[in-house]
Amino acid sequence: MLKLHEFIENINKTQYKGKVLEHEQMAPRTTMMTGGTAALLLSPADEESIFIAVNLLKDSGIPYFILGGGSNVIFPDEELEAAVISTENLNSILIEEKNEGHTLVKCGCGTKTNDLVDFCTENGISGLETFAGLPGTVGGAAYMNARCYGKEMSDVIYTARFLEFNRTVKIEEFTHNFIERHLKMYHNTKMGEDWAYKNSPFMHSQRFITSLTFKAGPVDSDKKDEVGLECGKFVKDREDKGHFKAPSAGSVFKNDRNFGEPSGVLIDRAGLKGMELGGAQVAPWHGNIIINRGKASSSDIKNLVRTVQEKVRENTGFTLEPEIIFAEQNLQ
Ligand SMILES: Cc1cc2nc3c(=O)[nH]c(=O)nc-3n(C[C@H](O)[C@H](O)[C@H](O)COP(=O)(O)OP(=O)(O)OC[C@H]3O[C@@H](n4cnc5c(N)ncnc54)[C@H](O)[C@@H]3O)c2cc1C
């Protein structure tokens, strides 16, 4: 049994700013639109509130899951016995530095990647066009090291600011100074080796990214149309590939060079395109996308993921590794 009421009583005595909701529906917070409730949903409004919330959760023995835009996450159908910390309130964009050579654009972790791309377009800043149309937030994209049309997040992130939670701090210790001291800055140029395909320095750690700075081209109002046209091409390509035809979480499986072919091709060759299980279906137009046909449950999605893995293994001997995140398997 989670000590929810004790936690809520305690957090109400602190400086925490943001929502604290019980038994909140998760399906509308994901692009797959499946899943049940989370025991707790917190939406901290600033870094200090993240710090307070996570430390109190750890103190109460309540596991937590960080939620960005929910475009890569599946929640279980039954209640998630944990707190979901949504970054929805942490969305700000500003130019941190500009000169003739480049611009540094700073975003709160909950900023939608599309809002960052639009901001760059309005300012004629080029460099992030390939990310146009990518669902979700910059925090989630950094965590996943999202890759779009040959460019990865690691190519454009300049610094990441994050809180690292490897020990619990008692409530009496919460002072603004203390939190500042716990914030760490990741300078990408120095730690480039921590990035890989679908891998980032934030995975397998207890790091909560609070903001990111992106390095892109200089501000140039004459370039607005050019940048906008380029972004439009990538969005159109996604539309043509059926990315937005039905609720999904994008590519289900990672690609692996050892397979010799993209995962979607292996799935297609196994004759699985269009395969249905409950309300879930392998998209008839793309082997590596599973869609919610309207009434899918998360169990339908998981069962279909497993079936596709089994059939591809029978056909090729390769085991496809899911890229999508199952919340209950990724609690901190
Ligand atoms: C139609 C469609 C198309 C897609 N196309 C692509 C594509 O081209 N390339 C690609 O790489 N992906 C693609 N995706 C997958 C997904 O959109 C990206 O990975 C996206 O960047 C995830 O961001 P999010 O905010 O939705 O993260 P979420 O799904 O909310 O979370 C993903 C992971 O990040 C963690 N996380 C989120 N925020 C933070 C934070 N602040 N600190 C620490 N951890 C955090 C979560 O705990 C979770 O483990 C697509 C998805 C869809 C639905």
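Residues numbered from 1 in each chain as written. Predicted model: local features only at pLDDT ≥ 70, side-chain atom pairs only at ≥ 80, totals over all residues. Heavy atoms only, no water.

(A) Layout of the domain arrangement of the chain. On domain assignment, one finds that the chain holds domain 1 (4-86), domain 2 (93-238) and domain 3 (244-329). One C-alpha centre belongs to domain 1, the other to domain 3; they are set 28 Å apart. On the domain 3 side, the residues contacting the 14 residues of domain 1 number 19 residues. The contact between domain 1 and domain 3 buries some 1300 Å² in all, and 58% of this surface belongs to carbon and sulfur atoms. Per-residue buried area on domain 1 facing domain 3 is highest for M32, N72 and I74; these three make up 49% of the total on that side. At the surface where domain 1 touches domain 3, the tally comes to 0 salt bridges. Here domain 1 is connected to domain 3 by 12 residue pairs in polar contact (both at pLDDT 80 or more). Looking at the side of domain 1 that touches domain 3, its residues break down into 8 nonpolar, 5 polar and 1 charged. (Domains from an automatic or database assignment. Contact = heavy atoms within 4.5 Å. Buried area = accessible area lost by both parts, 1.4 Å probe. Salt bridge = Lys/Arg side-chain N within 4 Å of Asp/Glu carboxyl O. Polar contact = N/O pair within 3.5 Å; in protein donor to acceptor, adjacent residues only side chain to side chain. Nonpolar A, V, L, I, M, F, W, Y, C, P; charged D, E, K, R; others polar.)

(B) Layout of the nonpolar core. Grouped together as the largest cluster of nonpolar side chains are 56 residues, with contacts concentrated most on F7, L57 and F214. It is helix α2 (residues 47-59) that contributes the most residues to this core, 7 residues altogether. With residues near it in sequence (within four places) discarded, F214 still touches T103, L104, V105, C107, L116, L128, V138, M153, V156, I157 and Y158. L266, V282, L304 and V305 belong to the second largest nonpolar core, which has 21 residues in total. (Core = buried A, V, L, I, M, F, W, Y, C linked by side-chain atoms within 4.5 Å. Buried < 20%, exposed > 50% of the residue type's maximum accessible area, 1.4 Å probe, protein only. Helix = DSSP H or I, 4+ residues; strand = E, 2+ residues; numbered from the N terminus.)

(C) Region of the structure containing α2. The end-to-end C-alpha separation of α2 is 18 Å, in line with the 18 Å expected for 13 residues at 1.5 Å each. The element α2 is extensively covered by neighbouring structure, given that 11 of its 13 residues are classed as buried. Downstream of α2 by a residue or two, G61 has a phi angle that is positive, lying close to 70 degrees. (Expected span 1.5 Å × (residues − 1).)

(D) Broad picture of the site of the ligand. Not every one of the 34 residues close to the ligand is listed here, only the nearest: I66, G69, S71, T137 and K198. In the model, an oxygen atom of the ligand is placed 2.6 Å from a nitrogen or oxygen of the I66 main chain. K198 is positioned with one of its side-chain polar atoms (N or O) 2.7 Å from an oxygen atom of the ligand. Relative to its free-state accessible area of 980 Å², the ligand is covered by the protein chains to the extent of 96%. Counting residues per element, the ones that place at least two in the shell around the ligand are β3 (64-67), α4 (138-144), β8 (147-148), β12 (207-216) and β13 (248-251). With 5 residues, α4 is the largest single contributor of residues to the shell around the ligand. Its residues assigned to classes, the shell around the ligand comprises 16 nonpolar, 14 polar and 4 charged. (Near = heavy atom within 4 Å. Areas by Shrake-Rupley, 256 points an atom, 1.4 Å probe, with all protein chains shown as cover.)

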